Amino acid sequence: MAHLRTETQFTAAVSEQVINDFALTVATANGTGSQTSNLVLLRTLFNIGVPVAGKNLFPSNIQGLPTWYTIRLSKDGYLARREGSEILICMNFATAAEDMAEMEEGGIVVYDESITPAAIKEGVIYHALPVKELVKPFNVPAALRAYVGNMAYVGAIAWLIDLPLDEIRKSLSRQLKGKEKAIELNLGVIQAAFEYCEVNHVHACPYRVRPMSGYNEGRILVDGNEAAALGGVFGGVNLVSWYPITPSSSLAESLAAALPKYRMDPDTNKPTFAVVQAEDEIAAVGMAIGAGWAGARGMTATSGPGISLMSEFVGLAYFAEIPAVIWDIQRMGPSTGLPTRTSQGDVLSAYTLGHGDTHHVVLFPGSPKECFEFGHLAFEIAERFQIPVFVLSDLDLGMNLWISDPFEYPAEEINRGKILNSAEVDALGSEWGRYKDVDGDGVGYRTVPGTPSKWAGYFTRGSGHDENSRYSEDPQVWEANLARIRRKFNASRDAVPFPIIDAPLGADIGLISMGSNDPAVEEARDRLRLEGLETDYLRIRALPINGKVLDFIADHTINIVIENNADGQLHSILSLELGDIKSKLISVCRCNGLPLTARWITSEVAGIASR
Amino acid sequence: MAHLRTETQFTAAVSEQVINDFALTVATANGTGSQTSNLVLLRTLFNIGVPVAGKNLFPSNIQGLPTWYTIRLSKDGYLARREGSEILICMNFATAAEDMAEMEEGGIVVYDESITPAAIKEGVIYHALPVKELVKPFNVPAALRAYVGNMAYVGAIAWLIDLPLDEIRKSLSRQLKGKEKAIELNLGVIQAAFEYCEVNHVHACPYRVRPMSGYNEGRILVDGNEAAALGGVFGGVNLVSWYPITPSSSLAESLAAALPKYRMDPDTNKPTFAVVQAEDEIAAVGMAIGAGWAGARGMTATSGPGISLMSEFVGLAYFAEIPAVIWDIQRMGPSTGLPTRTSQGDVLSAYTLGHGDTHHVVLFPGSPKECFEFGHLAFEIAERFQIPVFVLSDLDLGMNLWISDPFEYPAEEINRGKILNSAEVDALGSEWGRYKDVDGDGVGYRTVPGTPSKWAGYFTRGSGHDENSRYSEDPQVWEANLARIRRKFNASRDAVPFPIIDAPLGADIGLISMGSNDPAVEEARDRLRLEGLETDYLRIRALPINGKVLDFIADHTINIVIENNADGQLHSILSLELGDIKSKLISVCRCNGLPLTARWITSEVAGIASR
Amino acid sequence: MAVSRPAADKTGRRGKGTVLNPLGLPKTDYRGRPSTLCKGCGHDSVSQRIINVTWEQGLAQHNVVKMSGIGCSSKTPAYFLQGSHGFNGLHGRMPALSTGVVIANRDLEVIGISGDGDTASIGIGQFKHAVRRNIPMTYIVENNGVYGLTKGQFSATADTDQVLKYQGINKLPPLDICVEALAANATFVARSFAGDPKQLEGLLGAAFRHRGISVIDIVSPCVTFNNDAWSTKSYAWGRENEVIINSIDFVPEHEEIEVSDYDDEIEVQMHDGSWIILKKVGTEHDPTSRKAATILLEDANSSGKFVTGLIYIDEEKENLIELLDLTEEPLAQLPAYKLRPSSEVLEEINKAYMFGS
Amino acid sequence: MAVSRPAADKTGRRGKGTVLNPLGLPKTDYRGRPSTLCKGCGHDSVSQRIINVTWEQGLAQHNVVKMSGIGCSSKTPAYFLQGSHGFNGLHGRMPALSTGVVIANRDLEVIGISGDGDTASIGIGQFKHAVRRNIPMTYIVENNGVYGLTKGQFSATADTDQVLKYQGINKLPPLDICVEALAANATFVARSFAGDPKQLEGLLGAAFRHRGISVIDIVSPCVTFNNDAWSTKSYAWGRENEVIINSIDFVPEHEEIEVSDYDDEIEVQMHDGSWIILKKVGTEHDPTSRKAATILLEDANSSGKFVTGLIYIDEEKENLIELLDLTEEPLAQLPAYKLRPSSEVLEEINKAYMFGS
Ligand SMILES: Cc1ncc(C[n+]2csc(CCOP(=O)(O)OP(=O)(O)O)c2C)c(N)n1
Ligand SMILES: Cc1ncc(C[n+]2csc(CCOP(=O)(O)OP(=O)(O)O)c2C)c(N)n1
Ligand code: SF4
Ligand code: SF4
Ligand SMILES: [Mg+2]
Ligand SMILES: [Mg+2]
């Protein structure tokens, strides 16, 4: 490929260049297949070693509405969402004017020739791209034209920021699963666009890409839902019962794709799993609970509205003590809210789901690696404590590609928890009681149906029951049972993932956050440090909290709880666990459907600190 | 009637007698119709002026399981549940041994002859009652025998504690709606039993009833569910959509009985209301919301499991801003729990029901009078703020007969809130936007379908929307909308029923409670006073709380939150509202399916005070 | 036949060439906001049919409410009758909301729009019970055999062994909306095809006049996820295989109908006095016979036939509002004095519970 | 006929006079805890039928699970088969739980007990979808037309114009469990009567052997709230009006059956190799014909006939477990190495996503 400038040209230009540290936004209409182009760009950058993050801002719609895809390059590895972009690719007439208006001096705009810029901004460079003409020579069927046309901006970007075309080809063929004809066609368009720019535009773009080493090495690029699905595969999931809902559908669909690959019975080559699309979320979680009760590993994945529908069943699993795993890929609520916008608004709902006095174990993965880890760990916790376990991810972590440390093989063997086999239950005979707290951890021993013993059978119910699971309305029996369940809940505190604490030199201010906020918080801490403000950081990875969290809060003059919802739900839950030192907690939260930005967090925290 | 002793005999005996201050418990099997006998006893006592409370402890079953009915007589008007009874009526073989074992010295046991006392206790008097023989002469059909047989203990009690038979007749004919034959039959048995005792037993019962004046005068005897239903009748309810569930069914059924009496259209003599038994709770609340949206007053009544099922719909009503009234007659949860036991375990669920960031107005009636009041007030609040409003009662208040102040006619006219008629909306034209905060209280103006104006139509959705209710994914629009809803919620703080505060001489200790705990708390305060411990008392009647609650808490060294659930849910909610002074909050709660007792509260509070 | 004329004729042409309906309004008034659905989506053509019929019949938009669940289909109420109130509710819960609405205001014409997922999967329970209660409304299922809005999963109406791009093969048998409706004692059951405007408009015209619930199962292709020619939910398949059992002409109340009994026709008088005239096409089917309807559907399904038209109608059964015997005045419009009894009444009530009573 | 013998004969009598079943167990072993239902409740007699048949067939209790929703009917699993696991779940949600159970362990014999409220009101959605998925289980509806446990409200199977003491008149049409099952493509549909032990036991015997879901709608009177003679859910009415369409004899796998074709009989071979022999009674009905079943029910309902017996059976359709093609070993019993791929596999996966890949 002759199209790459020579190294000498590079060095010549370097002085005024911005290397691997800028953002570009592609504005298109959805349903035009631009996702392929965007992913090709992202993967190419990843593969040449540039730390990148892609955030897809898409509508709750199938075709024709505005979509923005922002790719942030950060040689320093800051991969949180960032406001503004140095480079704008305008492919959508509908939003062109607005999009262009947001460009700041020094910005570069590439636009489809069919769109005429509403206003030309001082200090902004504009490059027209005759997409239609560029595609024409390849005479593609009408249906594919828009799709292929999107490759044009890949070529333009390659020309703008020095993307090696051979790397693009690699990504492309990976994306198109090696379909040679398609690859050649698309690459042809990319190349045509590249050459068109080379010939017709003056290259004055300071934003450049340079292959780099370091950050990406040993790391993977994957979205949280896929990682979670693989976690389930290695967690021994037997039943995935789900109901489609954005942004959780891709988790279940990834499982449907991965399980046949990795989980066929080595002896019979038949499935050791079932994936069932239920009629609704109530049935979905009900099936998972039924499977858990019968000794298999059942899970479901949903989002806000599904969580609401699952309340009654989750309350049953809580009180009848049945293991189940529930993934909530949070989207913006209340109600239907914004199905394609991210949020952390279900924390309180999940923690206390169900009428009556209930509290559940909730896990908060903060990266694809943790999605994988919690994907199998959740089953261990669910079976050990015989409880429903929630894993709260969100649209940002679940549906966007993140650079992550690779998946780690589970350190612990699969442990099915306290299940008695026929020999064991025969040995105990009438001694055995389903809800007896033999070990003092509040967790009783259970049997599963099909256990060949006349002692194994017992009756499960969501109504009041005694240690032998017989129906009881006796007040003492009821209180004793609740007390045991509370014991169990407390026992789980030290069995769930511990918080990640970074408190190098004991700062006065402690930051507390969870889940997908991690990169933004870390970046914010660096920025604060530059402003001379040291902060410690604790990332909560599970509820209920344990001593580590309490100590951290006690050790800091101010603890600032950072979350992506309207009510400061995590802050509320911590407040309740704390008692006195609560007054040291200050809530900082917002809720606008977008991942938090480091700039926003920086200004909030700086504001509080300067009080 | 010759059966009553003469006054002289009375005065003679008075010295060693305990007048109008004891409790009697009737132990029977359910489905035997003993409820009639018990209610006759209760009403008779009420009508002769004795302050009484009856607590029915019944199983979640239709026939044959143990039921206990305890009547407390308290000349001083302490009508909370009380432990232990001086008089025990043993009609149930199954529980006789246990029941008798609980009797303390000085107690009196009346038992069906067919039951032989397991053990005779020192200092306890036993009277056998040959129920079968007593009923025989009346040769009643087999089906009715058990039912009629229960009248025997009414006679025995009349003999024991001096119940005037003519008063019993009155209550009986009221209970049997004047069916003369039935009345005579039952009265006959009562009389026979009375005479049998007179002849065969030595009367040594110190516990006596004396007609008294004062307390009961001007008061009514009614259960909370019936009061709530009447509140709905006067609140202008148009649609009652419900699904049967204990202990809320009698609320809806009372409405079905009362509405045709009081709410037929004066012009057409046709219903101005509909009562629809839905297929489940989701549909029940959905219908009420549909009616509210279309401009009618819709309500539903349910209990814990129903609340869980209603989450998604309540979230829609919250976010789309649609009025609806939801009664939760709380029973013991989690899950199916104990359907026939009381609890206050749904406070947190109701307050935050639904995924995403939600918070609802919740009312806590503390007496039948308040059930009536909130029964109509809830509609005013729901329509004024365009929100779903929860009213949390419980089994104790809802299904037991309470002595209460009479119902008060609503002081305010019915107010449908901000609804524009065609003239008004025409005048505004394109100016009007469904969700514009014109008045600064966060409440927009709405139109209802059928308003003859081309401007009136708008589109309602649970997804993101702008001031004109157009779909919007714009982050600013979303945030502004949530901010307005928050404004609305805060505006409601001073529009909901204020707390009832009793702080005569500014004690150090403040008690905070809600709902049906009221009589127990008041009694506890008197007991504490006797022990030299003064307490102030604030009874929360609604969430969200306002300044009055905060001030009260601030004004007291210790605030003790008293509630009938496992997690101290009200305490948690207050903690979150408080911030700093939270540390002054101490939780005292228990959860065993029984109404709280003054003795228990007394010891708890005394314990904390003496720290 | 004399009485049957193309609906358009009923509309007058007054100057400037714009056709106006009986209310003197141009059709453009009955439009909604621009559709955001995929180009060619069957749902958009159904919306157009609704616009045409409501305009031709001169329905007053302020008396119409548009109810829907969640899905691409359920979005469509935003794209027609801009002058009507619309309520895009919850997934599968449109029936309960609609029930509340008609009880609140019996004068409203309720048009409910749902999808096959919204009705046959999560919503089958509320659907059955709304049918059973004979809620006065038109219940339209825009049936494409997939979940469009969530990107192409199978719905409960997908055919056995159907293949979908991202989902593989569906092994389960479909639920048939018309069979389900009939089983639940529906009083108006029809099936149609988004690719057959004329017939659909006839059915809509009749549905709006029906006394109780009118269920119309419309095969409405999803061009993005389920429009391959071999799919029974595709345009191609529909055009190939549609078997029209009857077509409907509609005669408004006020017009005279000379009762004829050509045996290729059936006249049914609607509850509002108007008449529908069913021209039998092809098969002999009597839509007033439950048994005939049951057998028609059983045969069609066992032989894989796509029959369209009015399958069953019963104008005799009372609707929910009639069963409740509600007062004529819409409950939502009752004056305060009809909502709250007098203080004297409350006095009486208190007395009944009072000490000494 | 040779093959047909009273089931009791299959059980041997060994000393001490106690009859033992094929597993050598006395019937008492198949009892449950004492019933807390009202004396005479139809549900108790259904429980007794289940005890008899499971005992006679020698089902191993540890391989049976008893699933139920909420209601008096749903309480009954506590009153039979004390040796089996039981799960008294949520109101209307037994089907979902059962689906999870059979997937977890395909070897289990699932007996689901529900009520008319539990199935036809709140549970109709899950019921339809369980039927559609052909879950291998026996789904029993103890149908009394009321909500017993909540004290006598109407359920969705109550007859039109039925009167209940505290509820007044029911104006709505009933949902018919058998019609609903058939509409959802059920593979075994039967109706029976708690007052007809012999027939019910025959049906249960066949149901336990059926390949997919066996739906049995049993009129099971509520003596407390709905047993007046004029109620179609009362003992009296049932005894008066029952029209038996066939009675079932059951021939275990191992026994020889001389295939005869008396035209008053139909033999159906069950998936496990055993045979059921249907003796037609009264009406001519072919239970292997969907159309015949559909018409039978339509006629029965329109004429108010209470037909009992096996209405429809299809042994050909695969059940959900077969459709999922699950491995033979119950998923709940798989060893750890079948639940977690090796670390090498994970390495491969990581590589695929890794920088430089
Ligand atoms: C409770 C709930 N579950 C899931 C979803 C996600 N969801 C939105 S639309 C839809 C299915 C739509 O399918 P259909 O009703 O056939 O409409 P179509 O898009 O095909 O027209 C689903 C599952 C939701 N909005 N709410
Ligand atoms: C979600 C929920 N709603 C309501 C109830 C109250 N409830 C218990 S049993 C029952 C109906 C039982 O009727 P059916 O299924 O016919 O059983 P039966 O008692 O008649 O045998 C209801 C409504 C409940 N337990 N859960
Ligand atoms: S996805 Fe299918 S159903 Fe949805 S708008 Fe597009 S074509 Fe229509
Ligand atoms: S109430 Fe009816 S259904 Fe329930 S146990 Fe009694 S008789 Fe049976
Ligand atoms: Mg669809
Ligand atoms: Mg029933």
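This section reports on the structure supplied with the text. Please read these numbers as outputs of a predicted model, since none were measured by experiment. (Residues numbered from 1 in each chain as written. Chains lettered and ligands numbered in written order. Predicted model: local features only at pLDDT ≥ 70, side-chain atom pairs only at ≥ 80, totals over all residues. Heavy atoms only, no water.)

### A word on the overall build of chain A
Argument step 1. Each helix and strand in chain A was counted, giving 20 helices and 24 strands.
Argument step 2. The C-alpha radius of gyration computed for chain A amounts to 27 Å, which stays within 12% of the reference 25 Å derived for 611 residues, consistent with globular compactness.
Argument step 3. Overall, the C-alpha framework of chain A stretches about 90 × 65 × 40 Å when taken along its three principal axes.
Argument step 4. Restricting the contact set of chain A to residue pairs at least 6 apart, pairs at least 24 apart contribute 76%.
Argument step 5. Counting 52 positive and 74 negative side-chain charges, chain A places the centres of these two groups 3 Å from one another. (Helix = DSSP H or I, 4+ residues; strand = E, 2+ residues; numbered from the N terminus. Rg over C-alpha atoms; globule rule 2.2 N^0.38 Å. Contact = heavy atoms within 4.5 Å. Lys, Arg positive; Asp, Glu negative; His and termini not counted. Charge placed at Lys NZ, Arg CZ, Asp CG, Glu CD.)

### So, the coordination of the magnesium ion (ligand 5)
Around a metal, the idealised angle for a tetrahedral arrangement of four donor atoms is 109.5 degrees; for an octahedral arrangement of six donor atoms it is 90 or 180 degrees.
Residue and element names in this part refer to chain C.
Argument step 1. Protein-derived coordination of the magnesium ion (ligand 5) comes from D116 (OD), N144 (OD1) and V146 (O), at a distance range of 2.1 Å.
Argument step 2. Of note, the magnesium ion (ligand 5) draws all its donor residues from one chain, in the sequence arrangement D-x27-N-x1-V. Summarising the burial analysis for this pair, N144 and V146 share the class buried. (Donors = N, O, S within 2.8 Å, 3.2 Å for Na, K, Ca; no water. Buried < 20%, exposed > 50% of the residue type's maximum accessible area, 1.4 Å probe, protein only.)

### What about the coordination of the magnesium ion (ligand 6)?
Residues and elements named next belong to chain D.
Argument step 1. Of the protein atoms, only D116 (OD), N144 (OD1) and V146 (O) coordinate the magnesium ion (ligand 6), at distances of 2.1 Å.
Argument step 2. Sequence spacing of the donor residues for the magnesium ion (ligand 6), all on one chain, is D-x27-N-x1-V. Residue D116 is found in helix 4 (residues 116-121), and its partner N144 is found in the loop between strand 4 (137-143) and strand 5 (146-147); the two are separated by 28 residues along the sequence. There is no split in this pair, since D116 and N144 are both buried.

### Describing the interface of chain B and chain C
When the parts of a complex come together, some accessible area is lost, and that lost area is often used as the size of the interface.
Argument step 1. On the chain C side, the residues contacting the 78 residues of chain B number 58 residues.
Argument step 2. Roughly 5500 Å² is buried in total at the junction of chain B and chain C, and carbon and sulfur atoms are behind 63% of that figure.
Argument step 3. On inspection of chain B and its partner chain C, the count reaches five salt bridges.
Argument step 4. Between B:E279 and C:R133 there is a salt bridge, with its nearest N and O atoms 2.8 Å apart.
Argument step 5. If you look at where chain B meets chain C, you find 26 residue pairs in polar contact (both at pLDDT 80 or more).
Argument step 6. Looking at the side of chain B that touches chain C, the elements with two or more residues in it are helix 2 (34-47), strand 9 (220-223), helix 9 (224-234), strand 11 (274-277), helix 11 (281-293), helix 12 (304-320), helix 14 (368-385) and strand 18 (459-461) of chain B.
Argument step 7. With eight residues, helix 11 of chain B is the largest single contributor of residues to the side of chain B that touches chain C.
Argument step 8. By residue class, the composition of the side of chain B that touches chain C is 40 nonpolar, 21 polar and 17 charged.
Argument step 9. Pairing geometry for strand 18 of chain B and strand 4 (residues 85-88) of chain C, over three bridges, is parallel. Bridging from a neighbouring strand, B:R461 pairs with C:N88 of strand 4 of chain C. (Buried area = accessible area lost by both parts, 1.4 Å probe. Salt bridge = Lys/Arg side-chain N within 4 Å of Asp/Glu carboxyl O. Polar contact = N/O pair within 3.5 Å; in protein donor to acceptor, adjacent residues only side chain to side chain. Nonpolar A, V, L, I, M, F, W, Y, C, P; charged D, E, K, R; others polar. Pairing = 2+ DSSP bridges.)

### Regarding the site of ligand 4
Argument step 1. In the vicinity of ligand 4, the contacting residues are B:I62, D:L37, D:C38, D:C41, D:H43, D:C72, D:N144, D:C222, D:V223, D:T224 and D:F225.
Argument step 2. Proximal residues around ligand 4 fall on chains B and D, making this an inter-chain site. (Near = heavy atom within 4 Å.)

### A short note on the site of ligand 3
Argument step 1. All residues adjacent to ligand 3 are A:I62, C:L37, C:C38, C:C41, C:H43, C:C72, C:N144, C:C222, C:V223, C:T224 and C:F225.
Argument step 2. Around ligand 3 the close residues trace back to chains A and C.
Argument step 3. Partitioning the shell around ligand 3 into residue classes produces eight nonpolar, three polar and no charged.

### Points about the pattern of salt bridges
Oppositely charged side chains can form a pair if their charged atoms are brought close together.
Argument step 1. Going through the model one piece at a time under the given rule, you end up with 108 salt bridges over all chains.
Argument step 2. Measuring nitrogen to oxygen at the nearest pair gives 3.2 Å for the salt bridge that ties A:R210 to A:D162. In this pair, A:R210 is assigned in the loop between strand 8 (207-208) and strand 9 (220-223) and A:D162 in the loop between helix 5 (142-161) and helix 6 (165-175), connecting sequence segments 48 residues apart. Here A:R210 and A:D162 have matching classes, each one buried.
Argument step 3. In this structure, B:R493 and B:E577 form a salt bridge, with 3.1 Å as the shortest nitrogen-oxygen distance. On the criterion of sequence distance, the pair formed by B:R493 in the loop between helix 17 (475-492) and strand 19 (500-502) and B:E577 in helix 20 (residues 569-578) is long-range, its members being 84 residues apart.
Argument step 4. Under the relative-accessibility criterion, B:E577 is labelled partly exposed at 24%.
Argument step 5. Residues participating in the shared-partner salt-bridge network are A:R297, A:E380, A:E383, A:R416 and A:R446.

### Topic: unusual backbone geometry
Argument step 1. Geometrically, the link from A:T246 to A:P247 is a cis peptide bond, its omega value of 0 degrees lying close to zero.
Argument step 2. Residue B:L543 is joined to B:P544 through a cis peptide bond whose omega torsion reads 0 degrees.
Argument step 3. Residue placement: B:P544 occurs in the loop between strand 22 (542-543) and helix 19 (547-554).
Argument step 4. Non-glycine residue A:N269 carries a positive phi angle of around 55 degrees.
Argument step 5. One can find A:N269 in the loop between helix 9 (249-262) and strand 11 (274-277).
Argument step 6. Judged by its relative accessible area of 56%, A:N269 is exposed.

### Quick notes on the interface of chain D and chain A
Argument step 1. Taken together, the contact pairs 58 residues of chain D with 79 residues of chain A.
Argument step 2. Of the roughly 5500 Å² buried where chain D meets chain A, counting both sides, 63% is carbon and sulfur surface.
Argument step 3. Together, D:R340, D:Y353 and D:F355 form the three largest contributors to the area buried by chain D at its contact with chain A, with a combined 16%.
Argument step 4. Notably, a salt bridge pairs A:D267 with D:K338, separated by 2.7 Å at the nearest N-O pair.
Argument step 5. Contributions of two or more residues to the side of chain D that touches chain A are made by strand 1 (64-68), strand 2 (85-88), helix 3 (94-104), helix 5 (124-132) and helix 11 (343-353) of chain D.

### Description of helix 5 (residues 124-133) of chain C
Count 3.6 residues to each turn of an α-helix, and residues three or four apart come out pointing the same way.
Residue and element names in this part refer to chain C.
Argument step 1. Taken across its 10 residues, helix 5 has 10 buried, putting it largely inside the fold.
Argument step 2. When we look at burial in helix 5, the residues that qualify are I124, G125, Q126, F127, K128, H129, A130, V131, R132 and R133.
Argument step 3. Positive backbone phi, approximately 55 degrees, marks N134, located one or two places after helix 5.

### Considerations on the packing of aromatic side chains
Argument step 1. Counted according to the given criterion, the structure contains 30 aromatic pairs over all chains.
Argument step 2. Ring geometry for B:F22 against B:Y207: centres 5.6 Å apart, planes inclined by 45 degrees, an arrangement best described as tilted. Placement of the pair is B:F22 in strand 2 (residues 21-29) and B:Y207 in strand 8 (residues 207-208), with a sequence separation of 185 residues. An identical accessibility class is assigned to B:F22 and B:Y207; each is buried.
Argument step 3. The rings of A:F234, A:F372, A:F407, A:Y409 and D:Y353 are connected pair by pair, giving a single aromatic cluster.
Argument step 4. It is A:R219 that lies over the ring of A:Y215; its NZ or CZ is 4.1 Å from the centre. (Phe/Tyr/Trp six-rings, centres within 6.5 Å; stacked < 30°, edge-to-face > 60°. Lys NZ or Arg CZ within 6 Å of the ring centre and 35° of its normal.)

### Some details on the pairing of strand 4 of chain C
Residues and elements named next belong to chain C.
Argument step 1. Taking every second residue as pointing to the same face, both faces of strand 4 are buried, with H85 and F87 on one and G86 and N88 on the other.
Argument step 2. Note that strand 3 (residues 64-68) and strand 4 share four bridges and pair parallel. Across the sheet, K66 pairs through a bridge with G86, a residue of strand 4.

### What to know about the side chain of C:S98
Argument step 1. Locating C:S98 in the fold gives a position in helix 3 (residues 94-104).
Argument step 2. Excluding anything up to four places from it in sequence, C:S98 contacts C:M67, C:V110 and C:M137.

### Looking at the pairing of strand 5 (residues 87-90) of chain B
Residues and elements named next belong to chain B.
Argument step 1. In strand 5, alternate side chains face the same way, and those of I87 and I89 on one face and L88 and C90 on the other are all buried.
Argument step 2. Alignment of strand 2 against strand 5, held across four bridges, turns out to be parallel. Residue pairing in the sheet places T25 in a bridge with L88 of strand 5.
Argument step 3. Relative to strand 6 (residues 108-112), strand 5 runs parallel, the two sharing four bridges. Residue pairing in the sheet places I87 in a bridge with I108 of strand 6.
Argument step 4. At this point the chain moves from strand 5, through helix 3 (residues 93-101), to the parallel strand 6, and the crossover so formed is right-handed. (Right-handed = clockwise from strand over helix to strand, strands pointing away.)

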